[in-house]
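Descriptive structure summary
Here is how the chains run, residue by residue.
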Amino acid sequence: MHMLRPRCIETVAFAALAFGAAQAGAVTTTATGNAYINCGNHFARSCDACQHTTRGVTTAEPGTMCGGECVWLKGSCQAAAIKDGFKDAASASGWSQVFQYVVPACLAAVFAALYKKQVVEKLPHDKIDDRSSIVDELRLLSTREVDLFSCCKDRSTCAYAVCCGPAVAAKNYEVGRVLSFWPSCIMLYLAMPFSCVFAVLRAVLSSKLKRNMGLEGSCLQDFCLNLFCFPCEVGRESMEVDDMLEVEIRCFNKVRSIAPELPPNPAAGFLSRGCCSSRKCGGGGS
């Protein structure tokens, strides 16, 4: 009986120490130096062990025995620091998505509005006809004279094509009698994250534009060009449209007409001076 007393004293002391550590939320150790984790109402060697045993007895509900320095997270008992790490990662991920998607979308919408007001509305909308009703056999199509990389020689066209290609394409579609500016602009921006969908949409709309402009085209070729080299293709398309409209678009949103001036009509000046008298112009007179 006397020989068991020291062991009982050690057990009671450890229980008291464990209780105090549980209240303080600290890690305790045994007399042999083994570290224990505070699981809330008992101790274990790790948070993972909290869900399995409670004072040596296996529990049927793992999540109910996970507390203290541990938290129940994603189906297992884990250290509370891991949960805080997940929170920080989720918060950082949320802000990264805001800066990755929301901010560029707002900037694109602002630019598109300015581009439509300062450029698209100032362009002539009657120089390209809708040729959808013309029978295929009666269409006279010509080959494209503008090279794929021609936009690289024009700094303004290159900048527009690289930085705001969907807005430039929407401008081409509106003046080319294919689709209005805002529907085409919104559809292109929404389709950009999906490369194949974007390339298909561009191939369909651009084939109609080339049809109205009287240019040869191939849907398969348009699909490949827009899938692998969209800035070059939309820049080339914009140069073709601008040449047909006889305009020049420069940064930032400046439109200049390059249509040749008509020479003065000599007959108009002759008539305005009153030189066409009745006798000279064959009129009646004595």
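Keep in mind the model is a prediction, meaning the values are calculated, not measured. (Residues numbered from 1 in each chain as written. Predicted model: local features only at pLDDT ≥ 70, side-chain atom pairs only at ≥ 80, totals over all residues. Heavy atoms only, no water.)

**Focus on the packing of aromatic side chains**
Quick reminder of the rule: Ring pairs are drawn from Phe, Tyr and Trp, using the six-membered ring of Trp, whenever the two centres fall within 6.5 Å, and their geometry is named by plane angle: stacked under 30 degrees, edge-to-face over 60, tilted for the rest. Each residue gets one of three labels from its accessible area relative to the maximum for its type: buried under 20%, exposed over 50%, partly exposed in between, using a 1.4 Å probe on protein chains only.
If you walk through the whole model with that rule in mind, you get six aromatic pairs. Ring geometry for Phe181 versus Trp182: centroids 5.2 Å apart, planes at 80°, classification edge-to-face. Since its relative accessible area comes to 1%, Phe181 is described here as buried. Taken together, the ring pairs in this structure connect Phe111, Tyr115, Tyr160 and Phe252 into an aromatic cluster.

**Let's talk about the nonpolar core**
What counts, and what does not: By nonpolar core is meant a set of buried Ala, Val, Leu, Ile, Met, Phe, Trp, Tyr and Cys residues that side-chain atoms within 4.5 Å join together. Secondary structure elements follow DSSP: runs of H or I no shorter than four residues count as helices, runs of E no shorter than two count as strands, and numbering proceeds from the N terminus. Any pair of residues with heavy atoms lying within 4.5 Å of one another is described as a contacting pair.
Ranked by internal contacts, the top residues of the largest apolar core, which has 32 residues, are Tyr115, Leu123, Tyr160, Phe181, Val241 and Leu245. Those elements that place two or more of their residues in this core are helix H3 (80-118), helix H4 (155-163), helix H5 (165-175), helix H6 (181-191), helix H7 (195-213), helix H9 (230-245) and strand S8 (247-250). Setting aside residues no more than four positions away along its own chain, Val241 makes contact with Ile128, Asn172, Val175, Leu209 and Met213. Among the nonpolar cores identified, the runner-up in size contains eight residues, and Ile37, Ala44, Cys50 and Cys66 belong to it.

**Quick word on the pairing of strand S7 (residues 76-79)**
Formally: Only when DSSP finds a minimum of two bridges between them are two strands counted as paired.
Pairing analysis gives four bridges linking strand S6 (residues 70-73) to S7, with the strands arranged antiparallel. When the bridges of S7 are listed, Leu73 appears paired with Ser76. A loop of two residues connects S6 with S7, the two strands running antiparallel in sequence, and Lys74 in this loop sits at a positive phi of about 55°.

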